[in-house]
Amino acid sequence: MKHCPTCHRVYTDDALNFCRSDGAPLVADSASSESASTVILNGSKGFDSSSSKPITPSIAVLPFVNISADLENEYFCDGLAEELINALARIEELKVAARTSAFSFKGKQEDVREIGRRLGVGSVLEGSVRKTGDQLRITAQLIDVGDGYPVWSGRYDRRLADIFTIQEEITLAIVNGLKLRLQPTDRAALLKRYTDNAEAYQLYLKGRYHQNKWTPEGLRKSVQYFEEAIATDSDYALAYAGLADSYTSLYASEAFSLPPSQTATKARTAAKKAIDIDNALAEAHASLATVNLNFDWDFKSAEKEFQTALELNPNYSNGYHLYSHYLIALGRMDESLAASRKALELNPLDLETNIHLGWHYYFARDYDRAIDIARTTLEMDSAFSEALWFTGWSFVQKGQYDDAIEAYKRSRSLQENHEILAWLGHAYALSGDRKEAQEFLNKINEDSNQMYVSPYWPAIICLGLDQTDETFEWLQRAYDERNSWLIYLGVNPIFDSLRSDVRFRTLMRLVGLSAS
């Protein structure tokens, strides 16, 4: 039996080496431990070990169930829950489970007490929506996970135009149910409206609904809806922030067939517009920080914007996640780990937040731990291909090329893109199979004649083939288009063979990184 020294979760599987909640190394317990049966129930920080109830107020808002005849109203149900999450997250003394973790229970018949335990919260809000034309029936109830009984419940039969009032009433009922004391300024922030236009609001919800799929098609649809929302209400700051998020996405260049320099311009414009309208919008500051980091390579401004976002919303799990990327790029690994663990505390069931610990440990050169984190993430979802990328990266650094190739091939079977072709080509080259590596390089170059393909990917294969001049030619093209992968030049072990080359040191300085 082992336990986590950070969150005190107990594991009976001796094969595990790292905590699934926060990635900390597990500590072996003696067989005579008397507290194990008590501690195993308390999987999150902030719990009272005698009652397995959080010490600080905490809540998870589950996606509302769509009981409308029209299945397309799913976006409205998800959006209503997400807006409540965002409003409650502004309360500093309240811990709010992040959207992705709360939504992982969508469509599942889980007992609320089990949901509370897994998310580390003391209360759960659940409800349903029936939407017919402009008529709404919304039910909601706040449940204490300690005993499974409702603290409050309500039903609202209103028109769609009243949705903002309904959200405010539900939010205040939650505050009262949790016995939170709000200052007048806190109350104003909690009930802040970003639009009074119900049509714009629905378009915005549709945009977030498709954006949350994080696929090229989903991003394209999200931009369409955000732009329609802005056309309906030109002062809708949240819609501009959503637009910025779509253009800063990992898949933005693929989705819009544009180089990063162009997607960055669109993201920067949208984020700044959102901030001009509402300087207190955390999401917009995080989006601008991401542009400053990934595309402008303005590291000082990026950190300032990240810190502003987290001050405005201390429950912003994705803000901590994004900030950790900044810290990794600058080699501040201890701070990166702290930010990554904070994101995981707020969003424990999100696959991206879980595997991000693997990303951290890879760049910290702790490859065994990165592999272990990837394995535990794959236990959550065996089809999560990103976990297989980090597995392959780490095996390459350990010289286990066959294992790396197998991991990459599994990832490719789940989702094919030029990124995975590049990693495969790189691993085949290092394994000695230059012919196979060259075929992947040819495939990428052929595709680049038909669509946008990042020059970073052929650089990776040429690096594996030890074609140094060609590698630098592709990296120079990546620099010219402001490719975001270049911010990791200083810490990515894949480039260790180039560090003594004056061209590499020059590239590091151009990106704004120390060349020492």
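Computed from a predicted model, the values in this text were never measured in an experiment. (Residues numbered from 1 in each chain as written. Predicted model: local features only at pLDDT ≥ 70, side-chain atom pairs only at ≥ 80, totals over all residues. Heavy atoms only, no water.)

1. Details of the overall build of the protein
The condition is simple: Runs of E in the DSSP output that reach at least two residues are strands. Runs of H or I that reach at least four are helices, and both are numbered from the N terminus. Any residue under 20% of the maximum accessible area for its type is buried, any over 50% is exposed, and the rest in between are partly exposed; the area is computed with a 1.4 Å probe on protein chains only. Contact between two residues is taken to exist if any of their heavy atoms lie within 4.5 Å; hydrogens are not considered. Residue-level accessible areas treat just the shown protein chains as cover; the underlying method is Shrake-Rupley with a 1.4 Å probe.
Broken down by element type, the protein carries 24 helices and 11 strands. Sorting the 516 residues of the protein into buried and exposed places 57% on the buried side. In the protein, of all internal contacts separated by at least 6 residues, the share reaching a separation of at least 24 is 59%. Carbon and sulfur atoms provide 45% of the accessible area of the protein, an area that totals close to 21,800 Å².

2. Side note on the nonpolar core
Heads up, the rule is: Take the buried residues of types Ala, Val, Leu, Ile, Met, Phe, Trp, Tyr and Cys, join any two whose side-chain atoms come within 4.5 Å, and each joined set is a nonpolar core.
Within the largest apolar cluster, 161 residues are counted, with the highest numbers of intra-cluster contacts made by Phe-64, Leu-125, Ile-138, Ile-170, Trp-393 and Phe-495. With nine residues, the single largest contributor to this core is helix H2 (residues 74-88). Apart from the residues within four sequence positions on either side, Trp-393 is in contact with Trp-359, Tyr-362, Phe-363, Tyr-408, Trp-423 and Trp-485. Counting residues in hydrophobic clusters, the runner-up holds 12 residues, among them Ala-97, Val-112, Ile-115 and Val-124.

3. With respect to the confidence of the model for the protein
We apply this condition: The quantity known as pLDDT measures the predictor's confidence residue by residue, on a range of 0 to 100.
Overall, the prediction assigns the protein a mean pLDDT of 87, with 89% of residues at 70 or greater. No element of the protein has a lower mean pLDDT than helix H1 (residues 36-39), which averages 22, and none a higher one than helix H22 (residues 456-464), which averages 98. For the stretch residues 15-23, pLDDT sits under 50, and the model shows 45 contacts to residues farther than four places along the chain or on other chains. Within the model, pLDDT remains below 50 along residues 30-52, and this stretch shows 36 contacts once partners closer than five positions in the same chain are excluded.

4. What to know about the packing of aromatic side chains
Inclusion rule: Pairing of aromatic rings covers Phe, Tyr and Trp, the last through its six-membered ring, and needs centres within 6.5 Å; plane angles under 30 degrees mean stacked, over 60 mean edge-to-face, and all others mean tilted. Any Lys NZ or Arg CZ that is within 6 Å of a ring centre and within 35 degrees of that ring's normal is treated as a charge sitting over the ring.
In this structure the tally under the stated criterion is 30 aromatic pairs. With 5.9 Å between their ring centres and 50° between their planes, Tyr-362 and Tyr-367 make a pair best called tilted. Pair check on accessibility: Tyr-362 and Tyr-367 agree, each one buried. In this structure, Lys-131 is placed above the aromatic ring of Phe-76, and the distance from its NZ or CZ to the ring centre is 5.8 Å. The ring centre of Trp-474 lies 4.4 Å from the NZ or CZ of Arg-477, which sits over that ring.

5. Quick notes on the pairing of strand E9 (residues 123-132)
The test is simple: Only strands joined by at least two bridges in the DSSP assignment are considered to pair.
Within E9, seven of the 10 residues are buried, which leaves it mostly tucked inside the rest of the structure. As judged from the three bridges shared by strand E6 (residues 58-61) and E9, these two strands associate in the parallel manner. Across the sheet, Ile-59 pairs through a bridge with Ser-123, a residue of E9. Two strands pair when backbone bridges link them, and strand E7 (residues 65-66) and E9 are joined in this way by two bridges, in the parallel orientation.

6. A closer look at the environment of Arg-410
Counting through the fold element by element, Arg-410 comes out in helix H19 (residues 401-414). The exposure class of Arg-410 is partly exposed, given its relative accessible area of 39%. In the structure, Arg-410 is positioned 22 residues away from Leu-388 in sequence and 7.3 Å away in space, judged by C-alpha atoms. Residues contacting Arg-410, with those up to four places away along its chain left out, are Leu-378 and Leu-388.

7. Some thoughts on the pairing of E6
Of the two faces of E6, the one carrying Ser-58 and Ala-60 and the one carrying Ile-59 and Val-61 are both buried. Judged from the two bridges that link them, E6 and strand E8 (residues 95-96) form a sheet pairing that is parallel. Considered in E8, the bridge of Ile-59 is made with Val-96.

8. Some details on the packing of helix H9 (residues 237-247) against helix H11 (residues 260-277)
Filter applied, for reference: Axis definition: a line fitted to C-alpha atoms, limited for helices to the stretch in contact. Angles are taken between N-to-C directions and run from 0 to 180 degrees. Should an angle fall under 35 degrees it is called roughly parallel, over 145 degrees roughly antiparallel, and 65 to 115 degrees roughly perpendicular, with every other angle called oblique. When the near helix sits turned anticlockwise from the far one by under a right angle, the crossing is termed left-handed; a clockwise turn instead gives a right-handed crossing. In this classification, the charged set is Asp, Glu, Lys and Arg, the nonpolar set is Ala, Val, Leu, Ile, Met, Phe, Trp, Tyr, Cys and Pro, and all remaining amino acids, among them Gly, are polar.
Closest axis-to-axis distance for the H9/H11 pair is 8 Å, and the angle between their directions is 155°. One element, H9, and the other, H11, form an angle in the roughly antiparallel class. Seen along the crossing, H9 lies across H11 with a hand that is left-handed. Judged by residue contacts, Ala-237, Tyr-240, Ala-241, Leu-243, Ala-244 and Tyr-247 of H9 engage Thr-263, Lys-266, Ala-267, Ala-270, Ala-271, Lys-273, Ala-274 and Ile-277 from H11. Tallied by class, the residues present in the contact of H9 with H11 amount to 11 nonpolar, one polar and two charged.

9. Observations concerning the pattern of salt bridges
To keep it simple, the criterion reads: Put simply, a salt bridge is a Lys or Arg side-chain nitrogen that is within 4 Å of an Asp or Glu carboxyl oxygen.
If you walk through the whole model with that rule in mind, you get 25 salt bridges. Between Arg-99 and Glu-82 there is a salt bridge, with its nearest N and O atoms 3.3 Å apart. Of this pair, Arg-99 sits in helix H3 (residues 99-103) while Glu-82 is found in helix H2, placing the two residues 17 residues apart along the sequence. Judged by its relative accessible area of 18%, Arg-99 is buried. Residue Glu-82 is classed as buried on the basis of its relative accessible area, which comes to 12%.

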